[in-house]
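Notes for the structure review
Given next are the chains, with one letter for each unit.
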Amino acid sequence: KGGRQRQAYFSVRSLGWLQEYLTRRRDSGEAVFVLTSGKPLTRPTAVTWFGRFRKLVGIKKRVSSHALRHTFATSLLRAIGALIILAGAVTIALG
């Protein structure tokens, strides 16, 4: 967002899958997520796909990808009792 670079933290297992994905790709672009054409996946394209898949699975309410991300974080917090948000150095813990 805003053209700023972000750091992403992965488990060792996730990093292994990401490396596997990148070695199997046929392009040499820098973007992690690309279309079959090799062009980078853009935010507008991702939003369009999200809307299509939302309808496909029967979710009638308009829900944004941001709301999905927030719901995941809330569910994770409830499941493990603590959540560290590294981008912004905010720590939330349930007592």
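Residues numbered from 1 in each chain as written. Predicted model: local features only at pLDDT ≥ 70, side-chain atom pairs only at ≥ 80, totals over all residues. Heavy atoms only, no water.

Time to look at the overall build of the protein chain. Helix and strand counts for the protein chain stand at 3 helices and 2 strands. Sorting the 95 residues of the protein chain into buried and exposed places 7% on the buried side. In the protein chain, of all internal contacts separated by at least 6 residues, the share reaching a separation of at least 24 is 2%. When the accessible area of the protein chain is evaluated, it comes to approximately 8,900 Å², of which 61% is carbon and sulfur surface. (Helix = DSSP H or I, 4+ residues; strand = E, 2+ residues; numbered from the N terminus. Buried < 20%, exposed > 50% of the residue type's maximum accessible area, 1.4 Å probe, protein only. Contact = heavy atoms within 4.5 Å. Areas by Shrake-Rupley, 256 points an atom, 1.4 Å probe, with all protein chains shown as cover.)

Mapped onto the secondary structure, R54 falls in helix α2 (residues 43–56). In contact with R54, other than residues within four places in its own chain, are I59, K60, K61, R62 and V63.

Turning next to the environment of D27. Position of D27 relative to the elements: it lies in the loop between α1 (12–24) and α2. Distance from D27 to S37, taken between C-alpha atoms, is 9.0 Å for residues 10 residues apart in sequence. At 2.7 Å, the side chain of D27 and the side chain of R25 are in polar contact. One polar contact links the side chain of D27 to the main-chain amide nitrogen of G29, over a distance of 2.9 Å. (Polar contact = N/O pair within 3.5 Å; in protein donor to acceptor, adjacent residues only side chain to side chain.)

For the rest of this paragraph, the subject is the confidence of the model for the protein chain. In this model, the protein chain carries an average pLDDT of 78, and 82% of its residues clear a pLDDT of 70 or more. When the criterion is pLDDT under 50, residues 86–95 qualifies, and its contacts beyond four places in sequence or with other chains add up to 14 contacts. (pLDDT = per-residue confidence, 0-100.)

Let's shift gears to α2. One turn of the α-helix equals 3.6 residues, which is why residues spaced by three or four share an orientation. Here α2 is 14 residues long and its end C-alpha atoms lie 20 Å apart, about the 20 Å a rise of 1.5 Å per residue gives. Following α2 by one or two positions, G58 has its phi on the positive side, about 90°. (Expected span 1.5 Å × (residues − 1).)

Let's shift gears to the pattern of salt bridges. One pass over the structure, following the stated rule, counts 2 salt bridges. Note that R24 and E20 form a salt bridge whose closest N and O atoms lie 2.4 Å from each other. Of the two residues, R24 and E20 both sit in helix α1, 4 residues apart, roughly one turn of that helix. Here D27 makes a salt bridge to R25, at a shortest N to O gap of 2.7 Å. (Salt bridge = Lys/Arg side-chain N within 4 Å of Asp/Glu carboxyl O.)

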